[in-house]
Amino acid sequence: MTKNLTIAIPTINRPSLIKNLLYDLDKQINNLNLLNDIEIVVSDNSENNQTELIINDLNRNFNIKINYYKNNSDQRLISQAHSFDSNVNNLFKNSTSKYVWVVGDDDFIKEDALNIINKIILKNRSIFTNIYVDSLKPYTDLSDDIITHDKSYFCKLTKFRSGHIAANIFNREIWLSSISQDDYGSGWIHNIYLIKNLGKNKTYIYRDSLKDEYINFEKYKYDKKYKKVFNNNYYFTAFLNNLELLHSMNNYDFDNETILYGFNLQYKNFLLTILSFKHKGVQINKKILKKFLKSTRNLGFKRYFYVFILIFFPSWILRLLKN
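Quick notes on the rules
Residues numbered from 1 in each chain as written. Predicted model: local features only at pLDDT ≥ 70, side-chain atom pairs only at ≥ 80, totals over all residues. Heavy atoms only, no water. Helix = DSSP H or I, 4+ residues; strand = E, 2+ residues; numbered from the N terminus. Buried < 20%, exposed > 50% of the residue type's maximum accessible area, 1.4 Å probe, protein only. Contact = heavy atoms within 4.5 Å. Areas by Shrake-Rupley, 256 points an atom, 1.4 Å probe, with all protein chains shown as cover. Pairing = 2+ DSSP bridges. Axes fitted to C-alpha atoms, helices over the stretch in contact; angles between N-to-C directions. Expected span 1.5 Å × (residues − 1). Phe/Tyr/Trp six-rings, centres within 6.5 Å; stacked < 30°, edge-to-face > 60°. Core = buried A, V, L, I, M, F, W, Y, C linked by side-chain atoms within 4.5 Å. Salt bridge = Lys/Arg side-chain N within 4 Å of Asp/Glu carboxyl O. Polar contact = N/O pair within 3.5 Å; in protein donor to acceptor, adjacent residues only side chain to side chain. pLDDT = per-residue confidence, 0-100. Patch = residues over 30% accessible without salt bridge, like charges linked within 9 Å, V, L, I, M, F, W, Y side chains within 5 Å. Right-handed = clockwise from strand over helix to strand, strands pointing away.

## Overview of the overall build of the protein chain
In step 1: Each helix and strand counted, the protein chain has 16 helices and 8 strands in total.
In step 2: The burial tally for the protein chain puts 53% of its 323 residues in the buried class.
In step 3: A separation threshold of at least 6 residues defines the contact pool for the protein chain, and within that pool the share at least 24 residues apart is 82%.
In step 4: When the accessible area of the protein chain is evaluated, it comes to approximately 16,300 Å², of which 50% is carbon and sulfur surface.

Below, the structure written as structure tokens:
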């Protein structure tokens, strides 16, 4: 029998974090009697076997089986972004359910989140491209859930807040039919899925967040001192790749107003964003400089001002201001 939902967890070198998450999931699945409705799949890009040992131990004690897959090192060698995208895609290849919720190994899940999602899937006969479960409370106070076919409306309502992979639950069959290895390399494979598929089927927007840290931020704000698994250049490159994805929306029938809205959100406080990356130690080389100029091409000559800041603005001034 096909399960309704897969909790899919991509991980790399963070065994203690995924252990805590899996304990929470096992508790929730058992308490809500969802063993027949939900499966757990883990795709591991770690350089050692610590995560594998932990999951083997948990499988001896949990009621629900954790389906674990260790990836070879070939994908890691290409690039960090390529590694992330392939890790995520492997989760869909190894899932069997109707929908897949990709949850980071550092995420917190609301106590009744799985029950809410399962009820949404059972209640609605429609085929959804995605089920949106991120927090809209700081931006839009929804009194009820929304079902829409309008991809521009979805982007504007959510203010393009789909960067965090756990923001959306994805349709597994649509994912497998539209995503391939050609989509690897940006670090945003989940956003590529949305750009390709929004509007083809309905989108379900849940009225509140099912990620617990948004709901109980004070409870968790001191807990999230996680080991950084990627360097600063990775995050800067990912930021630029996200800008490039906005450019690509022209190829998928998004209207110009929606695309411009997305860019305006990215370019808001752009100088502060650039200074933040500079302060965190991003290293500007020819490859990154070329990518920056290409991804910000709609800024015209103004982008060269930001290049000047990235290269020549003294880091010691930023450290002084920070202190």
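## A closer look at the sheet that holds strand β6 (residues 146–148)
In step 1: Pairing in this open sheet of 8 strands is mixed, and the strands run β3-β2-β1-β4-β7-β5-β8-β6 from one edge to the other. Two strands bound the open sheet, and with one partner strand each, they are β3 (66–70) and β6. For this sheet, the mean angle separating the axes of adjacent strands, direction not counted, is 20°.
In step 2: Pairing between strand β5 (residues 128–132) and strand β7 (residues 168–171): 3 bridges, direction antiparallel. Its bridge partner being in β7, Ile 131 is matched across the sheet by Ile 169.
In step 3: Strands β1 (5–11), β2 (38–44) and β3 of the sheet are contacted by helix α1 (residues 15–31), whose axis makes an angle of about 170° with β1.

## A look at α1
In step 1: Given a rise of 1.5 Å per residue, 17 residues ought to cover 24 Å, and the 24 Å separating the end C-alpha atoms of α1 matches this to within 8%.
In step 2: Immediately beyond the C-terminal end of α1, within one or two residues, lies Asn 33, with a positive phi of roughly 55°.

## Observations concerning the packing of aromatic side chains
In step 1: Summed over all chains, the structure comprises 21 aromatic pairs.
In step 2: Relative to Tyr 306, the ring of Phe 305 lies with its centre 5.4 Å away and its plane at 65°, an arrangement referred to as edge-to-face.
In step 3: Through successive ring pairs, a cluster of aromatic residues spans Phe 236, Phe 239, Phe 263, Tyr 267, Phe 270, Phe 277, Phe 292, Phe 305 and Tyr 306.

## Observations regarding the nonpolar core
In step 1: Ranked by internal contacts, the top residues of the largest apolar core, which has 54 residues, are Val 102, Phe 170, Trp 175, Phe 236, Phe 270, Ile 274 and Phe 292.
In step 2: When residues no more than four places from it in sequence are discounted, the contact partners of Phe 236 are Ile 274, Phe 277, Val 282, Ile 284, Ile 288, Phe 292 and Leu 310.

## Regarding the environment of Ile 64
In step 1: Considering the arrangement of structural elements, one finds Ile 64 in the loop between α2 (50–59) and β3.
In step 2: If we ignore the near neighbours within four places in the chain, the residues touching Ile 64 are Asp 26, Ile 29, Leu 35, Ile 38, Glu 39, Ile 40 and Asn 59.

## Quick notes on the pairing of β5
Both faces of the sheet carry side chains from a regular strand, because those side chains alternate between them.
In step 1: In terms of burial, β5 is a largely internal element, 5 of the 5 residues being buried.
In step 2: Note: β5 against strand β8 (residues 202–205), 4 bridges, orientation parallel. Each bridged residue has a counterpart across the sheet, and for Ile 131 the counterpart in β8 is Tyr 204.

## Considerations on the pattern of salt bridges
In step 1: This model, assessed by the stated rule, comprises 10 salt bridges.
In step 2: With a shortest N-O distance of 3.4 Å, Arg 14 and Asp 106 are connected by a salt bridge. Here Arg 14 is found in the loop between β1 and α1, whereas its partner Asp 106 is found in the loop between β4 (99–102) and α5 (113–123), with 92 residues between them in sequence. As far as the burial class goes, Arg 14 and Asp 106 line up, both buried.

## Observations regarding the side chain of Asp 183
In step 1: Secondary-structure assignment places Asp 183 in the loop between α7 (172–178) and α8 (189–197).
In step 2: Only 3.0 Å separates the side chain of Asp 183 from the side chain of Lys 196, close enough to count as a polar contact.
In step 3: If sequence neighbours within four positions are ignored, Asp 183 has contacts with Asp 85, Ser 178, Ile 189, Ile 192 and Lys 196.

## Comments concerning the environment of Ile 317
In step 1: Along the chain, Ile 317 turns up in helix α16 (residues 315–322).
In step 2: Separated by 38 residues in the primary sequence, Ile 317 and His 279 place their C-alpha atoms 9.2 Å from one another.

## Some details on the confidence of the model for the protein chain
In step 1: For the protein chain, the average pLDDT comes to 89, and 89% of its residues sit at 70 or higher.
In step 2: Summarising per-element confidence for the protein chain, the mean pLDDT is lowest in helix α10 (residues 217–220) (54) and highest in α7 (98).

## Looking at a nonpolar patch on the surface
In step 1: Side chains of Phe 308, Ile 311 and Phe 312 sit close together on the surface and give an oily, nonpolar patch of about 310 Å² of accessible area.
In step 2: Inspection of the secondary structure assignment puts Phe 312 in helix α15 (residues 302–312).

## As for the pairing of β2
In step 1: Counting buried positions along β2 yields 7 of 7 residues, so the element is predominantly enclosed.
In step 2: Here β2 shows no split at all, with Ile 38, Ile 40, Val 42 and Asp 44 on one side and Glu 39, Val 41 and Ser 43 on the other all buried.
In step 3: Pairing analysis gives 7 bridges linking β1 to β2, with the strands arranged parallel. If you follow Ile 7 over to β2, its bridge partner there is Ile 40.
In step 4: Once you follow β1 into α1 and on to β2, the crossover reads as right-handed.
In step 5: One crossover worth recording links β2 to the parallel β3 by way of α2, and it is right-handed.

## Looking at unusual backbone geometry
In step 1: Of note, Asp 253 is a non-glycine position whose phi angle comes to about 60°, a positive value.
In step 2: Following the sequence through the fold, Asp 253 ends up in the loop between α11 (232–248) and α12 (256–267).
In step 3: Residue classification places Asp 253 among the exposed positions, given a relative accessible area of 70%.

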